[in-house]
Structures are given as structure tokens and as C-alpha cells.
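Survey of secondary and tertiary structure
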There are 2 protein chains.
Amino acid sequence: MPSTGAVAAAARLARRPRLVVVGTGWAGFRFVRDVLRSAYDVVVISPRDHFVFTPLLASTTIGSLEFRAIIEPVRIVGDLRFYEAEVTGVDPAEKTVRCVDSTRVFDNEEQSRSFTVPYDYLVLAAGAKSQTFGVPGVYEHAMFLKNIADARRIRQRIMHCLQRACQPQVGDEERRELLSFVVVGGGPTSVEFAAELYDFVTEDVGRWYGRDIVDSIRITVLEAGRTILGSFDRALSEYTVRLFQARDIEVRTGVAVKQVTKRGVELGDGSVVPSNLVVWSTGVAAIPLIQSLNWEHDKRSGRLLVSEYLSVPSAPGVYALGDCAVNEKEPLPCTAQVAQQQAKYLARVFNQYNSVGGPPVGSQETTKTKPFVYRHLASLAYVGGWKSIADSKVVKSSGLGTWLFWRSAYWTTNVSIRNKILIPMYWFKAWLFGRDISTF
Amino acid sequence: MPSTGAVAAAARLARRPRLVVVGTGWAGFRFVRDVLRSAYDVVVISPRDHFVFTPLLASTTIGSLEFRAIIEPVRIVGDLRFYEAEVTGVDPAEKTVRCVDSTRVFDNEEQSRSFTVPYDYLVLAAGAKSQTFGVPGVYEHAMFLKNIADARRIRQRIMHCLQRACQPQVGDEERRELLSFVVVGGGPTSVEFAAELYDFVTEDVGRWYGRDIVDSIRITVLEAGRTILGSFDRALSEYTVRLFQARDIEVRTGVAVKQVTKRGVELGDGSVVPSNLVVWSTGVAAIPLIQSLNWEHDKRSGRLLVSEYLSVPSAPGVYALGDCAVNEKEPLPCTAQVAQQQAKYLARVFNQYNSVGGPPVGSQETTKTKPFVYRHLASLAYVGGWKSIADSKVVKSSGLGTWLFWRSAYWTTNVSIRNKILIPMYWFKAWLFGRDISTF
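Computed from a prediction, not measured in an experiment: that's the story for all the values here. (Residues numbered from 1 in each chain as written. Chains lettered and ligands numbered in written order. Predicted model: local features only at pLDDT ≥ 70, side-chain atom pairs only at ≥ 80, totals over all residues. Heavy atoms only, no water.)

Details of the relation of the copies chain A and chain B
- Turning chain A through 180° and shifting it by 0.0 Å along the axis lays it on chain B, with an RMSD of 0.0 Å. Taken together, these values place the two copies in the relation of a two-fold axis.
- In this assembly the copies share their binding face: 100% of the residues contributing to the interface of chain A also contribute to that of chain B. (Least-squares fit on C-alpha atoms with pLDDT ≥ 70 in both. Contact = heavy atoms within 4.5 Å.)

Set out below in C-alpha cells:
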């Protein structure tokens with residue numbers, strides 16, 4: 001017969017509040033790792049069954065790192081249930097979320113796909129989608145760089161372009177198109193992709209495809225604004241532009257993109273930059289789920305408005321953080337750093353209230369809870385050729401030393417031991433043997 | 001001014017005979033590695049830009065090894081040109097091969113895709129396709145296991161089946177289907193896949209998906225013949241059957257498959273084995289290119305008939321080896337071992353004649369060339385749980401010792417230094433941290 005203590009523990013377990021977390025990015029994954037899962041009945045819902053360590057995503061597009069070295073399966077976090085699904089709606093009266101299964105056992109949709117999950121607390125960390133500004137052809141012909149499937153598509157396209165440029169029946173005009181790579185947007189993702197591509201071209205392409213191919217490759221960065229890396233210190237931005245110019249990476253600022261076609265990018269002045277690979281990274285926009293929610297949004301960005309406690313004011317028990325949320329009084333950029341600090345904060349709030357069945361629903365303004373405060377540490381970007389830039393309040397730096405800092409900065413709690421072993425191993429492998437160019 | 005010697009060398013280089021090699025499998029890849037590429041103008045044509053180390057292919061379907069650890073890009077072999085294309089025909093009068101580009105820069109086919117490559121010598125090592133015996137539904141619903149794309153599809157399907165079995169809206173009947181994995185065919189590939197799947201289920205699935213899922217998983221091997229591993233010694237075949245039975249892997253022999261559907265395998269007696277993943281491996285058949293060639297074929301298998309020198313009798317300068325060729329007088333099985341020994345032999349023949357512009361065209365029956373002789377070393381298969389079987393003339397063995405032999409047997413010249421480092425690293429990683437279950 002179980003002891004009274006065991007019975008009480010079982011009963012407490014049985015009425016753990018149901019905590020539904022939507023999303024497995026920087027905000028969602030950090031939150032479920034940090035929250036006391038013994039005190040809450042945690043259900044994670046996301047179409048993506050893994051966390052992506054996005055600062056290294058650009059490295060996987062050309063094989064400096066393999067895809068699996070920068071991801072963590074959600075299930076690595078024990079004591080939770082994971083449903084692979086897209087959340088399509090929230091019913092705050094019933095306290096349920098509507099989901100559409102996104103497993104792809106079969107390609108078609110003849111299986112049952114809809115289901116509903118009840119919640120006591122709902123944490124929305126669903127992220128954002130790539131901003132296209134309504135430019136025609138972006139979805140059809142450009143490639144984004146937000147997740148592993150994107151990186152894999154880019155890697156395949158690069159290899160197919162290089163190979164097709166070697167095929168005997170291909171003419172000079174098409175070859176120029178095939179070997180012209182265009183990046184739209186001048187933020188850190190774009191710069192890092194251009195930098196990694198440059199590394200690959202200079203370190204590997206010559207050996208495998210011959211000098212002729214290397215000499216014909218053109219990399220172009222198109223930015224609508226006045227400068228690239230606009231969020232960085234001006235000296236660092238200018239340093240990067242000079243570095244890119246010295247490498248024949250063309251940086252064109254103040255350029256409007258009219259449309260993207262299969263054969264290149266058409267600019268505002270009617271001219272065309274020919275290209276068969278256009279990588280598009282011009283910031284983020286609200287996803288359909290967030291747009292559809294019947295709560296207050298930020299007019300400009302479409303993000304959900306949240307209080308300084310990250311709660312959604314008109315929806316008791318609902319929280320939002322990361323790229324899908326913003327506090328009007330102190331708007332923060334859509335970065336991993338912000339998402340992660342918010343997740344840590346919110347997990348602390350939940351853990352604080354774990355013995356009383358969760359935070360008070362309806363108002364967090366109790367004396368026990370302090371509002372969220374963001375501490376900006378540093379902005380980092382890899383600029384190619386063993387060089388990085390770092391921008392913090394204290395230090396603005398660039399070069400090889402910063403590169404070493406950039407690499408070691410990733411030795412944080414976000415990388416599992418497994419990947420702490422894998423990542424340097426891949427770096428060493430790429431350095432020693434070159435990057436793999438096979439396609440499949 | 002260049003010396004007379006240099007001029008002579010340049011002139012000799014200019015009239016190097018053109019040697020076209022079709023295929024990048026065991027036969028083609030070994031041949032181009034071994035042939036003196038300074039003496040021949042080597043062009044390799046294949047839809048696959050890499051060699052696959054097939055004995056470890058089953059390991060990649062469940063993530064014991066990553067895909068890139070068992071492949072070598074063709075371009076790793078220097079001093080050759082590589083065209084990524086399907087060869088669709090040979091014109092022996094003009095001495096040309098017709099090709100269709102298989103790079104996929106765009107999905108559609110609006111680009112120029114056809115081209116022709118002239119040859120002085122043609123080495124056909126194009127391999128074979130999976131044998132389906134005309135059973136309906138195999139191409140549509142079953143998965144083959146011949147290359148990396150196949151292995152990747154199987155890995156994705158397994159993970160999606162496991163995840164969908166955890167989704168809340170899925171009923172018991174569908175869950176049984178999702179967790180029933182069927183292998184058709186009882187050869188080494190089938191046995192190794194079933195064994196690797198068993199390892200994954202027992203070592204990883206419980207930890208990530210829970211005990212319930214593990215207990216519901218069924219693995220079934222269907223074989224039309226009297227026994228599985230029919231090409232092995234009878235004692236080893238029986239050992240494997242006993243091993244599989246002890247593990248609840250169902251082995252059904254003497255079973256005819258009537259058709260494969262989305263929901264399972266229909267047998268000759270009308271009963272259905274429900275399954276959402278059917279792996280089909282029942283031997284090989286001739287590919288369309290080989291069937292279409294206007295030379296003599298083996299009536300039963302459709303393979304090209306070759307002489308004991310691996311030359312195609314009615315086509316001067318044309319050789320065929322590996323799975324696409326057979327010598328009627330001494331038919332050999334379609335194995336990596338045969339293909340590789342043939343490739344080594346043929347490269348030696350070409351190297352022998354390198355100073356006189358290649359082997360005599362039309363007849364190899366000169367005193368200088370000895371016919372090809374096959375030496376059978378051993379048949380190996382992994383049977384799961386750290387156990388392998390080995391069948392050679394001298395030794396018939398099984399168990400852990402054989403497993404160690406199985407692993408070390410792969411430390412041959414077929415694995416690059418890069419992969420000699422990667423493969424044990426992945427084995428160690430899988431042993432220490434488990435296999436990765438993320439899908440993308």
C-alpha cells in the first residue's frame with residue numbers, strides 16, 4: 001500500500017497545471033529547458049521537432065558544419081510531450097489551442113490532421129517569418145535562411161550551380177548566371193552567408209572545380225538602406241564594407257528590388273543582376289497565427305503586444321515572447337539574445353510560483369514578480385576569412401581576435417555536449433580535408 | 001622557349017585517348033581511381049556525383065552514421081572531368097555517348113539538357129536498378145535502399161511514423177500501421193536494415209518516445225524463398241533466423257507479395273501486413289540504358305554479355321563491368337566485391353597499354369593480357385546487437401568477434417582518411433549520446 005506521502009505526491013502530479021508552449025526556437029526551447037517540468041504538465045507544439053542554433057546556420061549552407069551539429073531534438077528535454085504540429089488558433093474562453101498535424105508520413109492529407117490541446121497556461125514563442133515587403137517572386141525564386149531545410153536547399157543549389165557550370169552544353173551567358181550569387185538584405189545573416197560563401201569559394205571551389213570557375217564567381221550583396229550592418233557601430237559596418245570590397249564581393253546599398261525571377265533580381269532602375277541563387281534575408285514579419293489572434297498588435301510589425309511581464313493583457317494565462325511579441329513601452333529587436341533572456345525570465349516566474357499551481361492568472365503585478373529587463377551583451381557577426389566583428393557597449397572590435405571570441409562565445413549552455421564535440425570536429429575536418437561537395 | 005622534351009610531352013598529352021567512364025559505384029569509382037589518368041583523358045558521367053560505401057548504407061537509415069561519412073565526391077579523384085548526367089544511349093559507329101544533364105538548378109526542364117560526349121574507350125559501369133518483379137505499388141509505396149537519397153527518405157519516414165504515433169488524434173489502428181515496419185527480401189541488405197532498425201528501437205526509441213511506443217513496434221521480414229540469407233552458409237542463415245526470432249523480429253519465408261499499398265503489403269493468400277514503411281530489396285534488374293543497347297544480353301538478367309577480358313565483343317573499345325555486365329561462361333553475383341575486382345583488373349589492363357595509346361581496340365586476346373579471374377574473399381552481414389556473420393571458404397563465423405572483423409574489414413582503401421576519422425567518431429557519438437531523431 002503506498003504511503004500517504006506518495007499518494008499526496010501522485011495527486012499533486014495529477015493536477016499539475018497544463019503548460020502549453022508553442023515553438024521550439026530560442027524562446028520556446030530555452031523556456032522548456034528552464035521551467036520546472038515536475039511542477040507543470042508541459043506540452044510543446046511546433047512544426048519543427050528541433051532547436052536550431054541559428055548563429056551557425058550560415059556555416060551549414062556550404063558545409064563548414066553539418067546540419068545535425070547545430071540542432072537539438074526537442075525530446076532531449078525530458079519530462080514533456082511533443083506534438084509536431086502547426087498551431088492555427090487559440091480559444092481563450094475554452095482555453096484550448098487548435099492544431100494541424102505537420103508530420104509527413106504521406107505527402108497527401110488523407111489522414112486525420114486536426115486536434116485540440118487544452119491549456120491552463122499558454123506560452124506563445126512561435127517566432128516570425130521572413131519579411132518580403134510584397135516583392136513579387138521572392139517566395140517562388142529566392143531562398144530564405146531561417147531553418148535547416150532552408151540551409152539544405154541553399155547548399156544543394158550552390159552545388160548544382162557549380163556542377164551545371166561545368167557541363168559541356170552550357171553557354172557563357174547561362175554560366176554567368178549560374179556563378180552569380182546574390183544576397184538581398186544587409187543584416188548579419190546576409191553578411192555571414194556572403195562571408196561563408198566567400199570562404200568556400202576561395203578555399204574549396206578551386207580545388208574541386210578548377211580556377212576558371214573560381215574566377216567567374218560573383219557575389220553581390222544588395223541592401224535598400226544606406227549601409228550594411230546598420231544595427232552595428234558605424235566603424236564596424238565600414239570595416240566590413242572595405243573587407244568585402246577587397247575580396248570582390250560587391251556591396252550595393254540604396255538599391256530597391258522590384259522583383260525576383262528565376263534568372264535574377266530586377267532592380268528599381270530596371271537593370272537586372274543575373275543569378276540562379278538569390279538568398280533573401282531582409283528582416284522578419286508576423287506569421288499568420290499571430291496575425292489571426294484577436295488581441296492587440298503592434299501596428300507596424302504585427303507583433304503581439306505584451307506587458308512588461310510578457311503576459312498578453314487581455315488573455316489571462318497567456319504569455320508571448322521572442323520574435324512574435326513586443327512591449328510597446330520598450331520595443332526590442334527580433335534577436336536570439338532578446339528571445340533567450342525573455343525565456344529565462346519567464347521560466348523564473350513560472351518556477352517561482354510552482355508550489356501554488358502556477359503564476360496568478362489575470363495579473364502578474366504582484367509584489368513577487370519583477371518586470372522583464374533586457375541587458376544587451378553584444379552583437380557578433382562572422383565576416384569571412386577568419387575574421388569577426390563584435391559590437392558591445394564596452395568594446396567595438398574586429399579581426400582574428402574577435403573571430404576567436406566569436407567562436408568561443410558559442411560555448412554556452414545552448415550547445416549540448418554532443419555538439420560541443422561535433423562542432424570543433426567539423427571545423428577541424430573542413431580545415432584539414434576541405435568541405436564536402438556531394439549532392440543528394 | 002620550351003624544350004623538345006616538353007613539346008613532345010604536351011603533344012602526347014594532347015592526343016591522350018579519351019576514356020569515358022559511365023557510373024560512380026564500386027566498379028566505376030574504383031576504375032577511375034586506379035587508371036593512369038595522366039595517360040588517358042578521363043571523363044566520368046553519372047547522375048550521382050559521389051561514390052557510396054554501400055556496406056554501411058543501412059547504418060545511415062537510423063542515424064548510426066551520417067550520410068556524408070560514407071560517401072566520397074567523385075572530384076576527390078583528381079585529373080578528370082565529371083559530368084552529372086544520365087547516359088541515354090551509345091553510338092558505337094560515331095563513338096559517342098548521348099547524355100541528359102541531371103543537375104537540378106531548377107525543377108523544371110526549360111534549360112538545355114542534352115549533350116554528346118565522344119570516346120575512344122568506353123567503360124560501362126552503370127550499375128543496376130532494384131528488382132520489383134512487376135509487383136504493383138512497389139515504386140509508388142515501397143522504398144529502395146540503394147543510395148543516399150533512399151536512405152534519407154527511409155530515415156525521414158521512420159521518424160515521421162514514430163512522431164505521428166505520438167500525436168493525440170491518431171487512433172489505435174493507425175498507430176499499429178505506423179509502428180509496423182516491413183522489409184521485403186531476405187538478402188544481406190534487408191537483414192542489415194532490419195538489424196539496424198532493431199538496434200535503434202532497443203537503444204534509442206524508448207528514451208525519446210517512451211516504453212509504450214517501443215512495445216508496439218513490429219519488424220517483419222518477408223522472403224519468397226525457403227530461407228533468408230540464401231547465399232550464405234546454411235548454419236549462418238539459421239543462426240540469423242534464431243537471433244531474429246529471439247528479438248521478436250518476425251521472419252516469414254515462402255511468402256509471395258501480391259501488391260504494396262500505402263497501408264501495407266498484401267500477400268499471396270490475400271492477408272495484409274499493415275505498414276507505413278515498406279523497404280524493398282529483392283535483388284537487381286537491368287537499367288533502361290543497358291536494356292536499350294543493341295548488343296547481346298544475358299536472357300535471364302538482361303545484363304550485357306562480356307568476354308573474359310570484360311570487353312563487349314561486338315563493340316570495339318567498349319568494356320562493361322559490375323552489376324550491368326556478365327560473362328556467360330562464368331556468371332558472378334551482383335556484389336561490390338565482384339565489381340571492385342573487375343575494376344582493378346580493367347584498370348591494370350589500361351595501365352599496361354598506357355604508352356601505346358590504350359589497349360588494342362577490337363581484340364584483347366593478345367599475349368599481354370590475362371583474362372579476369374574472380375577470387376571470392378568473404379560475405380559479411382551485420383545482424384544487429386553488436387553481432388555479424390562472415391562466410392568465406394575458410395571460416396564460417398558469427399557473433400561479436402565477427403562484428404569486430406566486420407568493422408575492421410572496412411578499413412580498406414575504399415574509405416578516405418577523412419571518413420576513416422569520421423566513421424568511428426560517429427559510432428562513438430551514437431554509442432555515447434544516442435542517435436539523432438530530428439527531421440528536416
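Topic: the pairing of strand E8 (residues 121-124) of chain A
Residues and elements named next belong to chain A.
- Side chains Tyr121 and Val123 of E8 all project onto a buried face; the interleaved residues Leu122 and Leu124 project onto the opposite face, where all are buried too.
- Note: strand E1 (residues 18-22) against E8, four bridges, orientation parallel. The partner of Val22 across the bridge, within E8, is Leu124.
- The sheet contact formed by E8 and strand E20 (residues 318-320) spans three bridges and is parallel. Within the sheet, the bridge partner assigned to Leu122 lies in E20 and is Val318. (Buried < 20%, exposed > 50% of the residue type's maximum accessible area, 1.4 Å probe, protein only. Helix = DSSP H or I, 4+ residues; strand = E, 2+ residues; numbered from the N terminus. Pairing = 2+ DSSP bridges.)

As for the packing of helix H13 (residues 417-433) of chain A against helix H13 (residues 417-433) of chain B
- Contact geometry of H13 of chain A with H13 of chain B gives a least axis separation of 12 Å together with a crossing angle of 175°. As summarised for this structure, H13 of chain A and H13 of chain B are arranged roughly antiparallel, according to the angle between their axes. Across from Ile417, Arg418, Ile421, Leu422, Met425, Tyr426, Lys429 and Phe433 of chain A in H13 of chain A, the residues of H13 of chain B making contact are Ile417, Arg418, Ile421, Leu422, Met425, Tyr426, Lys429 and Phe433 of chain B.
- Of the residues that constitute the contact of H13 of chain A with H13 of chain B, the class distribution is 12 nonpolar, no polar and four charged. (Axes fitted to C-alpha atoms, helices over the stretch in contact; angles between N-to-C directions. Parallel < 35°, antiparallel > 145°, perpendicular 65-115°, else oblique. Nonpolar A, V, L, I, M, F, W, Y, C, P; charged D, E, K, R; others polar.)

Focus: the domain arrangement of chain A
Residue and element names in this part refer to chain A.
- Looking at chain A, the domain boundaries give domain 1 (4-130 + 284-355) and domain 2 (142-282).
- A C-alpha centroid distance of 33 Å is found between domain 1 and domain 2.
- Residue-level contacts link 22 residues of domain 1 with 16 residues of domain 2.
- Between domain 1 and domain 2, the buried area comes to about 1500 Å², and carbon and sulfur atoms account for 65% of it.
- By the criterion of area lost to domain 2, the three top residues of domain 1 are Thr61, Ile62 and Phe67, representing 41% of everything that side buries.
- At the boundary of domain 1 with domain 2, the tally comes to one salt bridge.
- When the shortest N-O distance is used, the salt bridge between Arg155 and Glu66 registers 3.2 Å.
- Broken down by secondary-structure element, the contributors of at least two residues to the side of domain 1 that touches domain 2 are strand E3 (50-52), helix H3 (57-60) and strand E9 (129-130).
- Per-element accounting of the side of domain 1 that touches domain 2 gives the leading share, four residues, to H3. (Domains from an automatic or database assignment. Buried area = accessible area lost by both parts, 1.4 Å probe. Salt bridge = Lys/Arg side-chain N within 4 Å of Asp/Glu carboxyl O.)

Focus: the interface of chain A and chain B
- Listed per partner, the contact involves 57 residues of chain A and 57 residues of chain B.
- Overall, the association of chain A and chain B removes approximately 5700 Å² of surface from exposure, summing both partners, and the carbon and sulfur fraction of that is 57%.
- Looking only at chain A, the three residues that lose the most surface to chain B are Arg68, Arg75 and Phe440 of chain A, adding up to 15% of its buried area.
- If you look at where chain A meets chain B, you find eight salt bridges.
- Put simply, Asp436 of chain B and Arg68 of chain A hold a salt bridge, and the shortest N to O gap is 3.0 Å.
- On inspection of chain A and its partner chain B, the count reaches 33 residue pairs in polar contact (both at pLDDT 80 or more).
- The set of elements that each furnish at least two residues to the side of chain A that touches chain B consists of strand E4 (71-73), strand E5 (81-91), strand E7 (114-118), helix H5 (148-165), helix H6 (172-178), helix H7 (188-209) and H13 of chain A.
- Looking at the side of chain A that touches chain B residue by residue, the class counts come to 25 nonpolar, 13 polar and 19 charged. (Polar contact = N/O pair within 3.5 Å; in protein donor to acceptor, adjacent residues only side chain to side chain.)

Some details on the pairing of strand E15 (residues 264-267) of chain A
All names here are of chain A.
- Direction of pairing for strand E14 (residues 257-261) relative to E15: antiparallel, over a ladder of four bridges. Bridged to Thr261 within E15 is Gly264.
- Connecting E14 to the antiparallel partner E15 that follows it, the hairpin turn spans two residues.
- Bridge count between E15 and strand E16 (residues 272-274): three bridges; the pairing is antiparallel.

A closer look at the sheet that holds E20 of chain A
All names here are of chain A.
- Pairing is mixed in the open sheet, where seven strands are placed in the order E7-E6-E5-E2-E1-E8-E20. Bordering the open sheet on either side are E7 and E20, each of which pairs with just one other strand. Averaged over all adjacent pairs, the angle separating strand axes in this sheet is 35°, with direction ignored.
- Pairing geometry for strand E2 (residues 41-46) and E5, over four bridges, is parallel. Among the inter-strand pairings, Ser46 is bridged to a residue of E5, identified as Glu84.
- Packed onto the sheet, helix H11 (residues 336-352) meets E1, E8 and E20 and runs at close to 170° relative to E8.

Observations concerning empty space enclosed by the protein
- Counted according to the given criterion, the structure contains six cavities of 30 Å³ or more.
- Phe67 and Phe440 of chain A together with Phe67, Arg152 and Phe440 of chain B are, among the 21 residues lining the largest cavity, the residues nearest its centre.
- Looking at the lining of the largest cavity, the elements with two or more residues in it are H5 of chain A together with helix H5 (148-165) of chain B.
- No other element matches the four residues that H5 of chain B contributes to the lining of the largest cavity.
- Each residue belonging to the lining of the largest cavity can be placed in one class, and the counts come to seven nonpolar, six polar and eight charged.
- Counted as a void, the second largest cavity has a volume near 120 Å³.
- As for the second largest cavity, its lining consists of 15 residues, and the residues nearest its centre are Leu310, Asn327, Glu330, Leu332 and Gln342 of chain B.
- Secondary-structure elements contributing two or more residues to the lining of the second largest cavity are strand E21 (325-326) and helix H11 (336-352) of chain B.
- Residues belonging to the lining of the second largest cavity are distributed by class as follows: eight nonpolar, four polar and three charged. (1 Å grid on protein atoms, 1.4 Å probe; cavity = no way out; pocket = protein on both sides within 12 Å on 5 of 7 lines; lining within 4 Å. Points joined across faces, edges and corners; volume = space filled by probe spheres on them.)

A few points about a nonpolar patch on the surface
- Together, Trp386, Leu400, Leu404, Phe428, Trp431 and Leu432 of chain A together with Ile417 and Ile421 of chain B line one region of the surface with nonpolar side chains, adding up to about 870 Å² of accessible area.
- Only helix H12 (400-408) and H13 of chain A together with H13 of chain B provide two or more residues apiece to the nonpolar patch.
- Looking at which element gives the most residues to the nonpolar patch, the answer is H13 of chain A, with three residues.
- Structurally, the position occupied by Ile421 of chain B is in helix H13. (Patch = residues over 30% accessible without salt bridge, like charges linked within 9 Å, V, L, I, M, F, W, Y side chains within 5 Å. Areas by Shrake-Rupley, 256 points an atom, 1.4 Å probe, with all protein chains shown as cover.)

Comments concerning the pattern of salt bridges
- Under the criterion given, the structure shown has 46 salt bridges over all chains.
- Sharing partners across several salt bridges, the network here consists of Glu66, Arg155 and Asp436 of chain A together with Arg68, Glu72 and Arg418 of chain B.

Structural notes on H13 of chain A
Residues and elements named next belong to chain A.
- Spanning 17 residues, H13 covers 24 Å between terminal C-alpha atoms, matching the ideal 24 Å at 1.5 Å per step.
- Listed as buried for H13 are Arg418, Asn419, Leu422, Ile423, Met425, Tyr426, Trp427, Lys429 and Ala430.
- Trailing H13 by a residue or two, Gly434 shows a phi angle of about 85°, which is positive. (Expected span 1.5 Å × (residues − 1).)

Details of the environment of Ser311 of chain A
Residue and element names in this part refer to chain A.
- Residue position: Ser311 is located in the loop between strand E19 (304-305) and E20.
- Each C-alpha atom of the pair Ser311 and Phe67 lies 34 Å from the other, and the pair is 244 residues apart in sequence.
- Among the polar contacts listed, one links the side chain of Ser311 to the side chain of Ser307, at a separation of 2.9 Å.

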